[in-house]
Amino acid sequence: MDAELFPRERAVIAPGAVHVPDWLGAEGQGELLAACRAWARPPAGLRTVRTPGGGVMTARQVCLGLHWFPYGYARTAVDGDGAPVKPMPGWLAELGREAVAAAYGTPGDATDLPDPAAAYDIALINFYGGDSRMGMHRDAEEKSAAPVVSLSLGDTCVFRFGNTASRGRPYRDVELRSGDLFVFGGASRLAYHGVPKVLPGTGPRALGLTGRLNITLRVGGLG
């Protein structure tokens, strides 16, 4: 993408919800993509997620630390190949802490983080093809109130960030590009959010990724 006339700036989307454009540079994006490709391989690799009602998520997913399934966590890929979930790397957990600091100023600042030393111990990695979507939902299976950290790689998406009461309005649409960071905690920790649209072919050519990857880091507090 060509240089823009005005650089995109950090924006507070809602209380506790912060968008930090271009947080990961080209080198960091490449390293994270290489790691995602390794995590996506079996066992406990990239899978299609099916909901209890029989629906199928169009974004495919792989998990680290604990395996998310609708609607809970397990130590094995219970709705996949049944293999033990891959561990959460220490460097990725630290990246989560750095992301919170970048969004809020200091870790735990106005985020309702109960323990400033709490480690990010869960990662959900979603792969979106050009026609993939994600319906409005809340990240509510964790016991910790620590902020959710979201990193984007590849194609740009429209990220819809809503309210804590319902899936409907009011909400705000935010364009998330490759390298962007989005953190939501505090009053917005249980806000509904989703991805109504991916814009195919908009990712950096040098990254070598067709589609979009979203790396979501969480503190489970699940013991």
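Check the entry above for the structure.
Residues numbered from 1 in each chain as written. Predicted model: local features only at pLDDT ≥ 70, side-chain atom pairs only at ≥ 80, totals over all residues. Heavy atoms only, no water.

> Would you mind showing me how to read the overall build of the protein here?
From N to C terminus, the protein includes two helices and 13 strands. Overall, the C-alpha framework of the protein stretches about 50 × 40 × 35 Å when taken along its three principal axes. For the protein, the proportion of its 223 residues judged to be buried stands at 51%. Across the protein, contacts joining residues at least 24 apart in sequence account for 74% of those joining residues at least 6 apart. Per element, the accessible surface of the protein, about 10,300 Å² overall, is 54% carbon and sulfur. Charged side chains of the protein number 23 positive and 22 negative; the gap between the two group centres comes to 7 Å. (Helix = DSSP H or I, 4+ residues; strand = E, 2+ residues; numbered from the N terminus. Buried < 20%, exposed > 50% of the residue type's maximum accessible area, 1.4 Å probe, protein only. Contact = heavy atoms within 4.5 Å. Areas by Shrake-Rupley, 256 points an atom, 1.4 Å probe, with all protein chains shown as cover. Lys, Arg positive; Asp, Glu negative; His and termini not counted. Charge placed at Lys NZ, Arg CZ, Asp CG, Glu CD.)

> What is the right way to read unusual backbone geometry from this model?
As a rule of thumb, non-glycine residues mostly have phi less than zero, and peptide bonds are mostly trans rather than cis. The amide bond that connects proline 70 to the next residue, tyrosine 71, takes the cis arrangement and shows omega of 0°. Here tyrosine 71 lies in the loop between strand E4 (67-69) and strand E5 (72-74). Along the chain, arginine 169 connects to proline 170 via a cis peptide bond; the corresponding omega equals 5°. Here the phi dihedral of aspartate 22 falls at roughly 55°; this positive angle occurs in a residue that is not glycine. Mapped onto the fold, aspartate 22 is located in the loop between strand E2 (17-20) and helix H1 (26-39). We classify aspartate 22 as partly exposed; its relative accessible area is 47%. Look at alanine 44: it is not a glycine, yet its phi comes out positive at around 50°. Tracing the backbone through its elements, the reader meets alanine 44 in the loop between H1 and strand E3 (60-64).

> Sorry if this is basic, but what is going on with H1 here?
Residues that lie three or four places apart on an α-helix share one face, since the helix turns once every 3.6 residues. Taking 1.5 Å of rise per residue, the 14 residues of H1 would be expected to cover 20 Å, and the 20 Å separating its terminal C-alpha atoms lies within 8% of that figure. Along H1, the residues that are buried comprise Gln29, Leu32, Leu33, Ala35, Cys36 and Trp39. End-on, the buried residues of H1 take up no more than an arc of 165°, which puts them together on one face. Exposed residues pointing more than 90 degrees away from the buried face of H1 are listed as Ala26 and Glu27. (Expected span 1.5 Å × (residues − 1). Arc of directions from axis to C-beta.)

> Mind showing me how you'd approach the pairing of strand E12 (residues 193-199) here?
Looking down a regular strand, the side chains alternate between one sheet face and the other. Where strand E7 (residues 134-137) and E12 come together, two bridges link them in antiparallel fashion. Bridge assignment links histidine 137 to a residue of E12, and that residue is histidine 193. Both strand E9 (residues 156-161) and E12 contribute to a ladder of five bridges, which runs antiparallel. From the neighbouring strand, valine 158 faces E12, where its bridge partner is lysine 197. (Pairing = 2+ DSSP bridges.)

> I would appreciate a short explanation of the side chain of arginine 189 in the present structure.
Following the sequence through the fold, arginine 189 ends up in the loop between strand E11 (181-184) and E12. Using a relative accessible area of 6% as the deciding quantity, one classes arginine 189 as buried. At 2.7 Å, the side chain of arginine 189 and the backbone oxygen of aspartate 139 are in polar contact. With residues up to four places along the chain from it excluded, the contact list for arginine 189 reads Asp139, Glu142, Ser144, Ala145, Ala146, Pro147, Val148 and Phe184. (Polar contact = N/O pair within 3.5 Å; in protein donor to acceptor, adjacent residues only side chain to side chain.)

> Help me out: how do you make sense of the packing of aromatic side chains in this one?
When we look at a pair of aromatic rings, we describe it by the centre distance and by the angle of the planes. Evaluation of the coordinates by the stated rule reveals seven aromatic pairs. Ring geometry for tryptophan 39 versus tryptophan 91: centroids 5.9 Å apart, planes at 20°, classification stacked. One end of the pair, tryptophan 39, is in helix H1; the other, tryptophan 91, is in helix H2 (residues 90-104), and 52 residues separate them in sequence. Since its relative accessible area comes to 10%, tryptophan 39 is described here as buried. Relative to phenylalanine 182, the ring of phenylalanine 159 lies with its centre 4.9 Å away and its plane at 65°, an arrangement referred to as edge-to-face. Of this pair, phenylalanine 159 sits in strand E9 while phenylalanine 182 sits in strand E11; the two residues are 23 residues apart in sequence, bridging distant segments of the chain. Both residues of the pair, phenylalanine 159 and phenylalanine 182, belong to the buried class. What links up through ring pairs into an aromatic cluster is the set Phe159, Phe161, Phe182 and Phe184. (Phe/Tyr/Trp six-rings, centres within 6.5 Å; stacked < 30°, edge-to-face > 60°.)

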